Amino acid sequence: RAAADEALISSSIYPQTPSRPRIPSSLAEVVGARKSRGHVSIIVSDLPSLTNEVSSLLSSIEVTLEEQRMRRLDRLKPPSRLRRNWWVAAFGLPAASYLMYKLTKRHGWFYLMKILAAKVSDIFRDHVSEPLHSIYQELFSHTGRLDVADRKARISAIESLKKMIRSWLDESFPKMTLEEKIRL
């Protein structure tokens, strides 16, 4: 079969001469070449071995290219957050140190911690505790939502809206009977 493949490939691509020298290389068993009148003729005698060797060369090239790509990508990685924001550390650290020194110089650490605890408790109470308590009271208690509007103000607003609607009906539909206006 190898001889038939060789004859088919060599006869269809280049004319074959009776004598052909072999290439002295690792592909000597796979590829034969001859040079005549300015062009080189390649004759493949063992196609499966050639494909195995080419695939092994391609896989080694892929591995080498992947290693090179990783080396290049390591150089292209952005610098760390500290290196990008060095100026914050250079100016912020001394400023914060000076501020801490000034705050603790007169009253000490206890005073600073007391103020800090008071501020944190105010924030917690205003933004976490009270909203959670009102949600619980609205969803799971019998009292429901607390009435935040004044009852008297709400009744006066409803009466005012009713008068506005009556006056609009009188102006827009003067021929409408009184029963129809009351029904609306």
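Because the structure is a prediction, the values reported are computed rather than measured. Here the residue index of a chain counts from 1 through its sequence in written order. The model is predicted, so local features are restricted to residues of pLDDT at least 70 and side-chain atom pairs to those at 80 or more, both for listing and for counting; the totals for chains, interfaces and linings are taken over all residues. Water and hydrogen atoms were dropped before computing side-chain values, which therefore reflect all heavy atoms in the structure.

With respect to the pattern of salt bridges
(1) Moving on: Each salt bridge in this description consists of a side-chain nitrogen of Lys or Arg and a carboxyl oxygen of Asp or Glu lying within 4 Å of one another. Applying the stated rule across the entire model yields two salt bridges.
(2) Moving on: Between Arg-69 and Glu-66 there is a salt bridge; the shortest N-O distance is 2.7 Å. Highlighted residues: Arg-69 and Glu-66, both in helix H2 (residues 47–76), separated by three residues, approximately one helical turn.
(3) Moving on: When accessible area is computed with a 1.4 Å probe and restricted to protein chains, residues below 20% of their type maximum are described as buried, those above 50% as exposed, and intermediate ones as partly exposed. Residue class for Glu-66 comes out partly exposed when judged on its relative accessible area of 38%.
(4) Moving on: Here Asp-122 makes a salt bridge to Arg-125, at a shortest N to O gap of 3.1 Å. In this pair, Asp-122 and Arg-125 both sit in helix H5 (residues 109–140), three residues apart, roughly one turn of the helix.
(5) Moving on: Taking the relative accessible area as the measure of exposure, Asp-122 reaches 30% and is therefore partly exposed. Going along the chain from the N terminus, every DSSP run of H or I of four or more residues is numbered as a helix, and every run of E of two or more is numbered as a strand.

Re a nonpolar patch on the surface
(1) Moving on: Candidates for patches are residues over 30% relative accessible area with no salt bridge; among them, like charges are joined within 9 Å and nonpolar side chains (Val, Leu, Ile, Met, Phe, Trp, Tyr) within 5 Å. We get accessible surface area from the Shrake-Rupley algorithm with a probe of 1.4 Å; when it comes to residues, only the shown protein chains can shield them. Residues Phe-124, Val-128, Leu-132, Ile-135, Tyr-136, Leu-139 and Phe-140 make up a contiguous nonpolar surface patch of roughly 770 Å² in combined accessible area.
(2) Moving on: Its location among the elements puts Tyr-136 in helix H5.

With respect to the packing of helix H4 (residues 86–107) against H5
(1) Moving on: Fitted lines through C-alpha atoms serve as axes, helices being fitted only where they are in contact, and the angles separating the N-to-C directions of these axes extend from 0 to 180 degrees. Where H4 meets H5, the axes come as close as 7 Å, and the angle between the chain directions of the two elements is 110 degrees. When the interaxial angle is binned, H4 and H5 end up roughly perpendicular. Of H5, the residues touching H4 (which contributes Met-100, Leu-103, Thr-104 and His-107) are Trp-109, Tyr-111 and Leu-112.
(2) Moving on: Residues belonging to the contact of H4 with H5 are distributed by class as follows: five nonpolar, two polar and no charged. Should an angle fall under 35 degrees it is called roughly parallel, over 145 degrees roughly antiparallel, and 65 to 115 degrees roughly perpendicular, with every other angle called oblique. When checking whether two residues touch, look at their non-hydrogen atoms; a contact exists if any pair is within 4.5 Å. When residues are grouped by polarity, Ala, Val, Leu, Ile, Met, Phe, Trp, Tyr, Cys and Pro land in nonpolar, Asp, Glu, Lys and Arg in charged, and all others, Gly among them, in polar.

Function cannot be inferred from these measures alone, as they are strictly geometric.
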